[in-house]
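The chain contents come next:
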Amino acid sequence: MSLAEITRITLPIDGMTCAGCAGRVERALAAVPGVTAASVNLATRRAAVEGEAIEPGALRAAVEAAGYLSPEEATEIAVQGMTCAGCARRVERHLAALPGVNGASVNFATHRATVRHAPDAVDRAALESAIRKAGYEPVAEAAPDTREEAAPAEAREEAGLRRDAILAIALAAPLFLVEMGGHLLPAVHHAIGGRAWNLLQLALASAVLFGPGLRFHRIGWPALFRGAPEMNSLVALGTLAAWAYSAVVVVVPGLVPADSRHVYFEASAVIVALVLLGRWLEARSRGRASAAIRRLLDLQPPVARVERGGAEEEVPAAELRAGDVMRVRPGERVPTDAVVLEGESHIDESMVTGESAPVRRSVGDAVVGGTVNGAGALRLRATAVGSGTVLARITRLVEEAQGGKLPVQALADRVTLWFVPAVIGVAALTFLGWLLLGGGVAQALVAAVAVLIIACPCAMGLATPVAVMVGTGRGAELGVLFRRGAALQALQGVSVVAMDKTGTLTEGRPALTDLIPAPGFDEAMLLPLIAAAESGSEHPVAAAIRAAAAERGVSVPRASDMRAVPGMGLRAQVGDQRVEVGADRYMVSLGLDVSPFAAEAARLGEAGRSPVYAAVNGRLAAILAVADPLRPGAPAAMEALRGLGLRLTMVSGDNRRTAEAIARPLGIEEVEAEVMPEDKVEAVRRLKSDRALAFVGDGINDAPALAAADVGIAIGTGTDVAIESADVVLMSGDPRGIATAIALSRATLRNIRQNLFWAFAYNVVLIPVAVAGLLSPVLAAAAMGLSSVFVVGNALLLRGFRA
């Protein structure tokens, strides 16, 4: 093996704790096919691998199989010059071939490449070089969080296509009108025909081909000579063949048989004009498809009024710092995420949550940047700026989802990889076939050019990503964020929806409704003790008890030695009293008999209230009950989900009687009750069996279950941990968003199937028609342009999706 053939890859390893770990990783890497040497440094936590034709993905798989992790990161680069799905696949292959790259995905619709690689394994310069080697141009890295970076490239592309299309149409119009006039009125040919007219045709067609049409030749021919032809190659090859043949007929007619001396300048020029027109319309439609991102970026106001040095001054919103004190007048947008210091108002958060009703915000409440203030003046303190704001996170999630690839796209990608070379081969065979059948050079040329022009890999390449762009963008407008594009496809296939109760179906803010003392105890004595024991707990039941004590003006003593018993309850020392509070199972574990409260527990459970027990100094002291009201949209959400044909299950840590009392009015027939937090994952796996399942939750305890489900749906008003573990986020916290997300997923996949059917059927039907000589090149160009416009236009129908 020569030195040039050796590949060297360095990758980080997480989880190693000793030399034995390093040895295991080293042996696992050495066993990967192609690896000739592997060494692992325990101190630096890195592995160095050498070999020939090493697959980075195989290295990561080997590390994970050995029980360790090899972290990876993603780099995104915008790519200019791609004009069809074949271009995207070519860039993908060049990027994926770089040492250290674990995978590459190029989205033709967004013109962005996402490269997965080990940290520090490959730099941006190497990625940009690979893109250039593929024949395209990477866009220079822009400063983050500037709204200007989202639109200029698309705007310039659209403006360039519009200019070239208009110029090409103006130059080609005389050729088309005279040719069509000649077919309708033969006298036109007698009046305008002759050598002078042919020379004028040559001049006009040349101006079209080597003016506006130069873009096809500049990209298409180098790609063809590299052995990687794409859409531009087809147009360049077809139009130049028609132009060159016609030029020979006009300039040196003696080289062509007399019966074949026909010119096709009109076809070559009109083809270029129609293809440019189709691409302009496609670019306009793609711009509309990606408008969701720009609308999100435009939500942030350009300036903010900030208190600095005792005075109020206007500063650019981009220069805000966390801790800045701002003033927002009625009707203005909130500049960045903040907390209210003074004032009270109603905030329109529809652009973030999708909820149309304004929400009341007063001192101490958080407000989101980009939302619209109502009638009250507010004084705010900035809590997050730049990339740390909710709006920036939403934008990032939408961009990631739009840039992802769905599994359904795999077939189209495989086809487009070989599509253009196959079409060139079919065109060559068509030309030879017509010659052998005696059709003459002119007829053979017309049929071959029609084959080259009618073929459209663009429609196949756009079918999935444009629908994903529009679907995820529309979801963001409705307060439904798809964190991963693939979640769109997975969600439409679910048949079971399992939901956590507290904070998902209910408000998550229970209130104390009952406190029933045991003989020998009274409420006045117990409430201070129980509130003190719960003073260090963040559990909703603890908050309800503390709130009840505060409302009743109870003086709460100080507690010490507080200990939580996960899934059971807690214990604390309050003065000389030992207090334990928790579920019935906790009391039983303490050796206490809860049967004296059995009747009360049954009554409370049937009323949908959660019984909680308290013990003082080892004696059962009381049964308490808290009720967590249903979210206002929960009944309608469950009805909508049943209408979608889904099976509904509720997962709760409450006792069965209470859980079923909550589930009954919602029409949820299946209840998994008394589920410990650590058992939620097992409950999800048990419910899944052979069916696709979505799990909906909001708390830290739900994060493992969200990750274990086929699709995890997080209530956006819940914790960041739950949101980061989920595939879909409901920003408003309204459970009706579950049905919206599933319906939008189904609508998007239905749209994708329509697009793919059209793209494949179009090529399958019309390429044979062109081979048979039944399609003129001009009509082929029009049909080819319309095919892409149809696909993008069909995807844009998703913008009208209603919750």
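Rules and cut-offs
- Residues numbered from 1 in each chain as written.
- Predicted model: local features only at pLDDT ≥ 70, side-chain atom pairs only at ≥ 80, totals over all residues.
- Heavy atoms only, no water.
- Buried < 20%, exposed > 50% of the residue type's maximum accessible area, 1.4 Å probe, protein only.
- Helix = DSSP H or I, 4+ residues; strand = E, 2+ residues; numbered from the N terminus.
- Contact = heavy atoms within 4.5 Å.
- Polar contact = N/O pair within 3.5 Å; in protein donor to acceptor, adjacent residues only side chain to side chain.
- Patch = residues over 30% accessible without salt bridge, like charges linked within 9 Å, V, L, I, M, F, W, Y side chains within 5 Å.
- Areas by Shrake-Rupley, 256 points an atom, 1.4 Å probe, with all protein chains shown as cover.
- Salt bridge = Lys/Arg side-chain N within 4 Å of Asp/Glu carboxyl O.
- Phe/Tyr/Trp six-rings, centres within 6.5 Å; stacked < 30°, edge-to-face > 60°.
- Arc of directions from axis to C-beta.
- Axes fitted to C-alpha atoms, helices over the stretch in contact; angles between N-to-C directions.
- Parallel < 35°, antiparallel > 145°, perpendicular 65-115°, else oblique.
- Left-handed = near helix turned anticlockwise from the far one by under 90°.
- Nonpolar A, V, L, I, M, F, W, Y, C, P; charged D, E, K, R; others polar.
- Core = buried A, V, L, I, M, F, W, Y, C linked by side-chain atoms within 4.5 Å.
- Pairing = 2+ DSSP bridges.

Q: Go over helix α23 (residues 656-666) with me, naming the residues and quoting the values.
A: Every buried residue of α23 is accounted for by T658, A659, A661, I662, A663 and L666. Elements that come into contact with the buried residues of α23 comprise α21 (598-606), β23 (610-616), α22 (634-643), β25 (647-651) and β26 (670-672).

Q: Please set out the side chain of S268 residue by residue, giving values where relevant.
A: As for its placement among the helices and strands, S268 is situated in helix α10 (residues 265-289). On the accessibility criterion, S268 (0% relative accessible area) is buried. From its side chain, S268 meets the backbone oxygen of F265 in a polar contact 2.9 Å long. When sequence neighbours within four positions are dropped, the list of residues in contact with S268 reads A205, L209, T239, A242 and W243.

Q: Provide a residue-level description of a nonpolar patch on the surface, including the pertinent values.
A: A surface patch of nonpolar side chains, amounting to about 340 Å² of accessible area, comprises L429, L432, L435 and V441. It is helix α14 (residues 410-436) that contributes the most residues to the nonpolar patch, 3 residues altogether. Note on placement: V441 falls in helix α15 (residues 440-454). Judged by relative accessible area, V441 falls into the partly exposed class, the value being 30%.

Q: Give a detailed account of the packing of aromatic side chains, specifying residues and quantitative values.
A: Scanning the entire structure with this criterion turns up 5 aromatic pairs. Summarising the aromatic geometry, the rings of F210 and W243 are spaced 5.3 Å apart at their centres and angled 85° between planes, so their arrangement reads as edge-to-face. With a gap of 33 residues between them, F210 in the loop between α7 (195-209) and α8 (214-225) and W243 in helix α9 (residues 231-251) connect regions that are remote in the sequence. The class of W243 is buried, set by a relative accessible area of 18%. A ring pair is formed by F597 and Y613, whose centres lie 6.5 Å apart and whose planes are at 55°; its orientation type is tilted.

Q: Lay out the environment of D679 with the relevant residues and their values.
A: Structurally, D679 can be placed in the loop between β26 and α24 (680-688). Looking at D679, the relative accessible area reads 36%, which means it is partly exposed. Sequence separation of D679 and P704 is 25 residues, and the distance between their C-alpha atoms is 9.7 Å.

Q: Talk me through α21; I want residue IDs and the actual numbers.
A: Of the positions making up α21, those classed as buried are A601, A602, L604 and G605. Along the axis of α21, the buried positions cluster into a sector of 170°, meaning they face one direction only. Summarising the geometry of α21, the exposed residues directed more than 90 degrees from the buried face are A599 and E606. Where α21 is buried, its residues meet β19 (511-517), β23, β24 (619-627) and α23. Positive backbone phi, at 80°, marks G608, one or two positions downstream of α21.

Q: Run through the packing of α15 against helix α27 (residues 736-771), naming residues and quoting values.
A: Running from amino to carboxyl end, α15 crosses α27 at an angle of 165°, the nearest separation of the two axes being 8 Å. Relative to α27, α15 is oriented roughly antiparallel. When you trace α15 past α27, the crossing you get is right-handed. Two secondary-structure elements touch here, α15 through A447, A450, V451 and I454 and α27 through Y762, N763, L766, I767, A770 and V771. Tallied by class, the residues present in the contact of α15 with α27 amount to 9 nonpolar, 1 polar and no charged.

Q: Can you break down the nonpolar core residue by residue, with the values?
A: Residues L491 and V728 are the most contacted members of the largest nonpolar core, which totals 137 residues. Ignoring any residue separated from it by four or fewer positions in sequence, one finds V728 in contact with V480, L481, F482, A487, L491, V711, G712, I713, A714 and A741. Among the nonpolar cores identified, the runner-up in size contains 41 residues, and A531, V574, V579 and F597 belong to it.

Q: If you had to explain the pairing of β23 to someone new, which residues and values would you point to?
A: Where burial is concerned, most of β23 is hidden: 7 out of the 7 residues are buried. In β23, alternate side chains face the same way, and those of S610, V612, A614 and V616 on one face and P611, Y613 and A615 on the other are all buried. The sheet contact formed by β23 and β24 spans 7 bridges and is antiparallel. By the bridge assignment, A614 is partnered in β24 with A622. Between the antiparallel neighbours β23 and β24 lie 2 residues, among them N617 with a positive phi of about 50°.

Q: For the sheet that holds strand β28 (residues 711-715), give the residues involved together with the corresponding values.
A: Taken in spatial order, the 7 strands of this open sheet run β17-β29-β28-β27-β18-β25-β26, and their pairing is mixed. Of all strands in the sheet, those bounded by a partner on one side alone are β17 (480-482) and β26. Across the sheet, the mean angle from the axis of one strand to that of its neighbour is 20°, orientation sign disregarded. Where strand β18 (residues 496-500) and strand β27 (residues 693-697) come together, 4 bridges link them in parallel fashion.

Q: Would you mind going over the pattern of salt bridges in detail, with residue names and values included?
A: Counted by the stated rule, this structure contains 28 salt bridges. Here E312 makes a salt bridge to R305, at a shortest N to O gap of 3.5 Å. Judged by relative accessible area, E312 falls into the partly exposed class, the value being 40%. A residue is classified by how much of its surface remains accessible, and R305, at 11% relative accessible area, is buried. For E580, the salt bridge goes to R578, with nearest N and O atoms at 3.0 Å. In this structure E580 comes out as buried when scored by relative accessible area, which is 3%. Here the salt bridges do not stand alone but share partners, grouping R305, E307, E312, E314, R327, E332, E342 and R379 into one network.

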